[in-house]
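So the chains spell out like this:
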Amino acid sequence: MAAFVEQEQSVVVPDIRLDSVEKRYEGVAGTVLAVDRTDLHIPGGEFLVLLGPSGCGKTSMLRMIAGLIRPSAGSIHIGARDLWHGERRDDAAVSELGVVFQDAHLFPWFSVEKNIALPLRLRGVPAAQRIARARALCQTVGIAGFERSWPRQLSGGMRQRAAIARALSCDPNILLMDEPFGALDAITRDQLNLELQR
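All of these numbers come straight from a predicted model, not from anything done at the bench.

Student: Hey, could you run me through the overall build of the protein chain in this one?
Tutor: Counting its regular elements, the protein chain contains 7 helices and 8 strands. Taken over C-alpha atoms, the radius of gyration comes to 17 Å for the protein chain, in line with the 16 Å a tight globule of 198 residues would show. Here the analysis covers contacts within the protein chain between residues at least 6 apart in sequence; of these, 61% occur between residues at least 24 apart. Accessible surface, the protein chain as shown: approximately 11300 Å² in total, 53% of it carbon and sulfur. Charge separation in the protein chain, taken as the distance between the mean sites of 23 positive and 23 negative side-chain charges, equals 8 Å.

Student: Help me out: how do you make sense of the nonpolar core in this one?
Tutor: Taken as a class, soluble globular proteins show a tendency for nonpolar side chains to be buried jointly. In this structure, Val-112, Ile-116, Ile-143 and Ile-164 are the most contacted members of the largest nonpolar core, which totals 24 residues. Within the residue set of this core, elements represented by two or more residues are α4 (112-122), α5 (127-141), α6 (156-168) and α7 (186-197). For this core, the element with the most residues is α6, which contributes 7 residues. Not counting the four nearest positions on each side in its chain, Ile-143 is found in contact with Val-112, Ile-116, Cys-138, Met-158, Arg-161 and Ala-162. Membership of the second largest hydrophobic core comes to 20 residues, among which are Val-21, Ile-78, Trp-84 and Leu-97.

Student: Looking at this model, I keep getting lost on the packing of aromatic side chains. Mind explaining?
Tutor: Pairs of aromatic rings are described using the distance from one ring centre to the other and the angle between the two planes. In the structure shown here, the tally under the stated rule is 3 aromatic pairs. Between the aromatic rings of Phe-107 and Trp-109, the centroid separation amounts to 5.1 Å while the plane-to-plane angle is 45 degrees, which identifies the pairing as tilted. Residue Trp-109 is classed as exposed on the basis of its relative accessible area, which comes to 57%. Consider the rings of Trp-109 and Phe-110, whose centres lie 6.2 Å apart with planes at 65 degrees: the pair is edge-to-face. Each member of the aromatic cluster is reached from another via a ring pair, and the members are Phe-107, Trp-109 and Phe-110. We note Lys-23 situated over the ring of Tyr-25; from NZ or CZ to the ring centre the distance is 5.4 Å.

Student: Hey, could you run me through the sheet that holds strand β4 (residues 81-82) in this one?
Tutor: Two pairing modes exist for strands in a sheet, parallel and antiparallel, and in both the strands are linked by backbone hydrogen bonds. Ordered in space as β2-β1-β3-β4, the 4 strands form an open sheet in which the pairing is antiparallel. Both edges of this open sheet fall to β2 (30-42) and β4, since each of them pairs with a single strand only. Bridge count for strand β1 (residues 16-27) against strand β3 (residues 73-78) is 5 bridges, and the pairing is antiparallel. By the bridge assignment, Glu-22 is partnered in β3 with Ala-73. Sitting on the sheet, helix α2 (residues 58-65) is in contact with β1, β2 and β3, with an inclination near 120 degrees to β1.

Student: It is not clear to me how the packing of α4 against α5 should be interpreted in this structure. Could you clarify?
Tutor: Packed helices, taken two at a time, are described by their axes: the angle between them and the distance between them. Direction vectors running N to C along α4 and α5 enclose 125 degrees, while the axes themselves pass 8 Å from each other. With respect to α5, the axis of α4 lies oblique. Like other packed secondary-structure pairs, α4 and α5 cross with a definite hand, here right-handed. From α4, Val-112, Glu-113, Ile-116, Ala-117, Leu-120 and Arg-121 reach across to α5, where they touch Arg-130, Ile-131, Arg-133, Ala-134, Arg-135, Leu-137 and Cys-138. Considering only residue class, the contact of α4 with α5 consists of 8 nonpolar, no polar and 5 charged.

Scoring rules and cut-offs
- Residues numbered from 1 in each chain as written.
- Predicted model: local features only at pLDDT ≥ 70, side-chain atom pairs only at ≥ 80, totals over all residues.
- Heavy atoms only, no water.
- Helix = DSSP H or I, 4+ residues; strand = E, 2+ residues; numbered from the N terminus.
- Rg over C-alpha atoms; globule rule 2.2 N^0.38 Å.
- Contact = heavy atoms within 4.5 Å.
- Areas by Shrake-Rupley, 256 points an atom, 1.4 Å probe, with all protein chains shown as cover.
- Lys, Arg positive; Asp, Glu negative; His and termini not counted.
- Charge placed at Lys NZ, Arg CZ, Asp CG, Glu CD.
- Core = buried A, V, L, I, M, F, W, Y, C linked by side-chain atoms within 4.5 Å.
- Buried < 20%, exposed > 50% of the residue type's maximum accessible area, 1.4 Å probe, protein only.
- Phe/Tyr/Trp six-rings, centres within 6.5 Å; stacked < 30°, edge-to-face > 60°.
- Lys NZ or Arg CZ within 6 Å of the ring centre and 35° of its normal.
- Pairing = 2+ DSSP bridges.
- Axes fitted to C-alpha atoms, helices over the stretch in contact; angles between N-to-C directions.
- Parallel < 35°, antiparallel > 145°, perpendicular 65-115°, else oblique.
- Left-handed = near helix turned anticlockwise from the far one by under 90°.
- Nonpolar A, V, L, I, M, F, W, Y, C, P; charged D, E, K, R; others polar.

Below, the structure is given as structure tokens:
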């Protein structure tokens, strides 16, 4: 783990910029405006928390920044890269990001270590290296010993820890989190808060 930290110290963390971003959803009840003409600049390396009542658009905002949904209007930049080019997402911009959702969203047909290693597999990292990284992250998030378990064999909190490990697997420069600690006990929440800050 220390080798990853030492390598990352020289990396410049890109900023995030939203220019007049909107998100509208069309449904049977009509159009819902989830995010309204938002301008936002987050300098690289800063921590930012979006606060607001349920249904105010926080998750929509995070999903747009993560490149999972396209804004209805406006533009999003990760560093100097425009996240969207028409209907096409810029994969180089997305590669800067790690995402943790409210729910773990683990693949039930993969073991815990294979779920954690999946982003590395998609990037062509050799099997031995990605499994070693997954096992190290299991230790970091407190689920060592469960690497070969299936997600259904874990508690909700343990599944969420595996999801956090998956988001950290590629050492992302930017980590987006949507209430990731809701299913965790207070002690684990505090430990992971410290680990994520490190």
